[in-house]
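A look at the structure
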Amino acid sequence: MTSTPTTAIAGGSLRPAVVVGGNRIPFARAHGAYAGASNQDMLTSTLEGLVARFGLQNAQLGEVVAGAVMKHSADFNLSREAVLGTSLDAHTPAHDVQTACATGIETVGGVANKIRLGQIDSGIGGGVDTISDAPLAFNREARDLFMQLNRARTTQDKIKIAMKLRPKHFAPLAPQAGEVRTGLSMGEHQALTTHHWGITRQEQDELAMLSHNNMAAAYEAGFFNDLLTPFRGLDRDNNMRPGSTMEGLAKLRIAFGKHLGEEATMTAGNSTPMTDGAAAALLSSEEWARERNLPILAEFMDFEMAAVDFVNGNEGLLMAPTYAIPRILDRHGLSLADIDFFEIHEAFAGTVLATMKALADEDYNKNVLGRDTPLGHIDRSKLNVHGSSLAAGHPFAATGPRIVASLAKMLHEKGEGSLGLISVCAAGGQGAVALMRGR
Amino acid sequence: MPHTDSYTRFVNKPLGKKLAKTVGLPQPVPLRRHNKGDRLISGPILVVGDSPAADAIAKQLWADDYDVRRDPGLKQPFAGIILALDDVSHPADLSDRVLEVGTALRGLQSNGRVITILRDPQDATAATDASLMAARHGIEGFTRSLAKEMRRGATTNGIVLAEGVEMSAPSAQAALRFLLSGRSAYVAGQFITVSSAAGSLPADWDQPLADKVIIVTGAARGIGEAISETLARDGATVIGVDMPSAGEALTAVMNRVNGIAVQLDITDHNAGNRLLALAEERFGRLDGIVHNAGITRDKLLANMDAGRWDSLIGVNISAPLRINDQLLAALGQGVVVENFRITSLSSTSGIAGNRGQTNYAVAKAGVIGMTQALAARLAPTEGSINAVAPGFIETAMTDAMPTATREVARRMNSLQQGGRPIDVAETIAFLHADAAAGINGTTLRVCGQSMVGK
């Protein structure tokens, strides 16, 4: 099913990249439990938990790749600084990646590719994000004055410039909540897509309810015991609401798409709130894992990125995975029916439902994706079986590694050869999907 | 945590020392504790008696380059005194030797050691010989009383040799070294019973646990943290287990000791099997487990509810029982090594009872029962199971006690101070060594000869 091995650049044939395991800290609603924690604190703690779980103290890994979407300019070397704060060998190189919510799939995928090529034997793909410690900048006018102040030679000049500062100059420029090119937030964009696909409030609430209850059940069963290390007094995702009911979700007011009036369906209950957190996945070659008697949970087979023209093309901002999913399946000669677990990131319940509806839609397949026959339906019993972002929360860059580690464990438990598909939508009209196989 | 409690610091300064002496207050001193590479003891060691045990000890210590003396008349400031009483058959035989020790005691150095060697008073073969039994029991009484006469951090303990076990037995030698060293700082007025000649001496006494893989439950903090550090210092690889909620602290400890962190609730019905599978996958072997995890749910029985009672029993005794069953089912089949070691945390509260701790005492006395019951099962493979009963140990738990209660508890022992987690850890590490195979089914107190007991 996979393409024939060819010569890898470091010699020999392409080799599988396997997932050994992962770790994350519980995800916390913004401005809550992690209000005082920085991206570096969270990423370091996550890596330390991974090191302790697999006994990697003083180990020199091929590389650590991580990143954040909301990143301070001082965090230009975030991943490397985090590595230096861990028990890993300081000779472990690291670099940052930033691709909005697809960051985490990109970091894991990049590490996997280097392993497959023989460039490295082991690596960590990770991601971290905080809304509570978001980078604030001065506005244009204030920045101008401060730079002038910096360039001033004499005390007299300095005083002159300082006198120009007004209270308004100290109002910080918050990070953009919306898309730069449309001015609409992701929620507003999704509200349009959700409406376009005629997805009901009931469908969305049901998906949200299942996410919370499935994830709560997974916690009760101890599923996350070896996937998560507590941080700052939190040992579970504090966004999760065990015992969520349709009645409870039905009471919530509309949050996005208010201009749609009666037809608006998106609430705070079926949308994922702003979240702080970090996650990491450990990947390696089979030999590296075997030499250290480390578990081999799954193979990270492949990943694929796609983008949509949401600015001019009337395409939904978060619909890029609908392009990437058929491409990656075709490449491996697989159909939706071959997949045992679907992990579709729940940025909004509407995103998951619209994605699934589009993949099954004849017109969309023909006119947008250029396919003769629709890709097909996704078996709902295979979808996000241990809950997803609606329950866990979504610290942008951390979502990919969270899913990779959880899915690897699920595939391993399901058995050798089982298949998992990950789909993560991202701001900027991008999307990342990945294929994994159980070992 | 302070190195010593504030009172001990105070009475070890000139003013405090003078004041304590004048008004007759307790005068605890900082205890000598073991550091990697330390000699057992610095200063001359007096060996009293001319039994085969006395000769064997003197010869061995001499070979190890210690300053061994056999004449107490020199009035040396001895660092250690070993009193071999293994050959006495009547209480009247004791007189010469104990009085010899008496004259040597005045010069005993601070943090000195007195060790008696005796034959087991429990031996069935001697059970009907009244004068013999009187002598052996007499030595027990002597040792315990002398331990209470010790001053300035010095301790007295006994090594009990079972019938047919000689001083050359690995566990007898290991016990002697343990009691002479700083590893036994808070062990006072206790007996280490060597019941067989099983075991082997380590290639390197500084790495007695080299290549061993040992599980420590409750490893995230307190005594469990100290156990993990001490086992690792002595060469072991630690699999640290704690509640998922304690994972952050567990991570820090395991990364410090190069161990593996396992977030697992030990009351999970499959906990033992999961640990076994992990040990098999990661190391291909398992050499021992330390049942350290425990909780307190104190209440007078009149106010006790089922929640408090059941949760404590579940964690403190049901879980170790079940985990032992699961691990021992694989005994000698490859992963669980033949000379498997189990140690469990008991408590002086389990021995003496403690108001408001009926549930805790069930569990901690239960640990002693579990230990006795499994000893016979482990003995044929040179395995062993022992319990360690701490007294007042300075931890976050005892820090939270009311000041007056804590201060009384601290002074109510022969060393007039609380012990430290490291003291419990040292005893556990000693019991996990290959050399300790002959010590099986015992409960060793680490309590500074706390004034509570059966």
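Residues numbered from 1 in each chain as written. Chains lettered and ligands numbered in written order. Predicted model: local features only at pLDDT ≥ 70, side-chain atom pairs only at ≥ 80, totals over all residues. Heavy atoms only, no water.

This paragraph deals with the interface of chain B and chain A. Opposite the 14 residues of chain B that make contact, chain A presents 23 residues. Taking both partners together, chain B and chain A bury about 1500 Å²; carbon and sulfur atoms supply 39% of that area. Per-residue buried area on chain B facing chain A is highest for E248, N255 and R282 of chain B; these three make up 39% of the total on that side. Across the chain B-chain A interface, the total number found is zero salt bridges. Put simply, chain B and chain A have eleven residue pairs in polar contact (both at pLDDT 80 or more) between them. At the level of elements, α8 (247-257), β9 (260-263) and α9 (271-283) of chain B are the ones that each hand at least two residues to the side of chain B that touches chain A. With five residues, α8 of chain B is the largest single contributor of residues to the side of chain B that touches chain A. Taken together, the residues that form the side of chain B that touches chain A break down as four nonpolar, seven polar and three charged. (Contact = heavy atoms within 4.5 Å. Buried area = accessible area lost by both parts, 1.4 Å probe. Salt bridge = Lys/Arg side-chain N within 4 Å of Asp/Glu carboxyl O. Polar contact = N/O pair within 3.5 Å; in protein donor to acceptor, adjacent residues only side chain to side chain. Helix = DSSP H or I, 4+ residues; strand = E, 2+ residues; numbered from the N terminus. Nonpolar A, V, L, I, M, F, W, Y, C, P; charged D, E, K, R; others polar.)

What follows is about the pattern of salt bridges. When the charged atoms of two side chains lie near each other, side chains of opposite charge can form a pair. All told, the structure shown has 42 salt bridges over all chains when counted by the stated rule. The closest approach of N and O atoms between D423 of chain B and R33 of chain B, which form a salt bridge, is 2.8 Å. On the criterion of sequence distance, the pair formed by D423 of chain B in helix α15 (residues 421-432) and R33 of chain B in the loop between α2 (14-23) and β1 (45-48) is long-range, its members being 390 residues apart. Under the relative-accessibility criterion, R33 of chain B is labelled buried at 14%. For E225 of chain B, the salt bridge identified is with R256 of chain B, shortest N-O distance 2.5 Å. Of the two residues, E225 of chain B sits in helix α7 (residues 222-233) while R256 of chain B sits in helix α8, which places them 31 residues apart along the sequence. R256 of chain B gets classed as partly exposed once you look at its relative accessible area, which sits at 47%. Connected through salt bridges with shared partners, the residues E286, R290, E299, R437 and R439 of chain A form a single ionic network. (Buried < 20%, exposed > 50% of the residue type's maximum accessible area, 1.4 Å probe, protein only.)

This part takes up the sheet that holds strand β7 (residues 213-217) of chain B. All names here are of chain B. Spatially, the seven strands line up as an open sheet ordered β9-β8-β7-β10-β11-β12-β13, and their pairing is parallel. With one partner strand each, in any of the chains shown, β9 and β13 (443-446) form the two edges of the open sheet. Strand-to-strand twist of the sheet, defined as the mean angle between neighbouring strand axes without regard to direction, takes the value 20 degrees. Here five bridges tie strand β11 (residues 336-345) to strand β12 (residues 384-390), and the two strands are oriented parallel to one another. Bridging from a neighbouring strand, L345 pairs with V388 of β12. Sheet contacts for helix α10 (residues 306-328): β10 (286-291), β11 and β12; angle to β10, the most-contacted strand, approximately 175 degrees. (Pairing = 2+ DSSP bridges. Axes fitted to C-alpha atoms, helices over the stretch in contact; angles between N-to-C directions.)

Coordinates in, geometry out; function isn't part of it.
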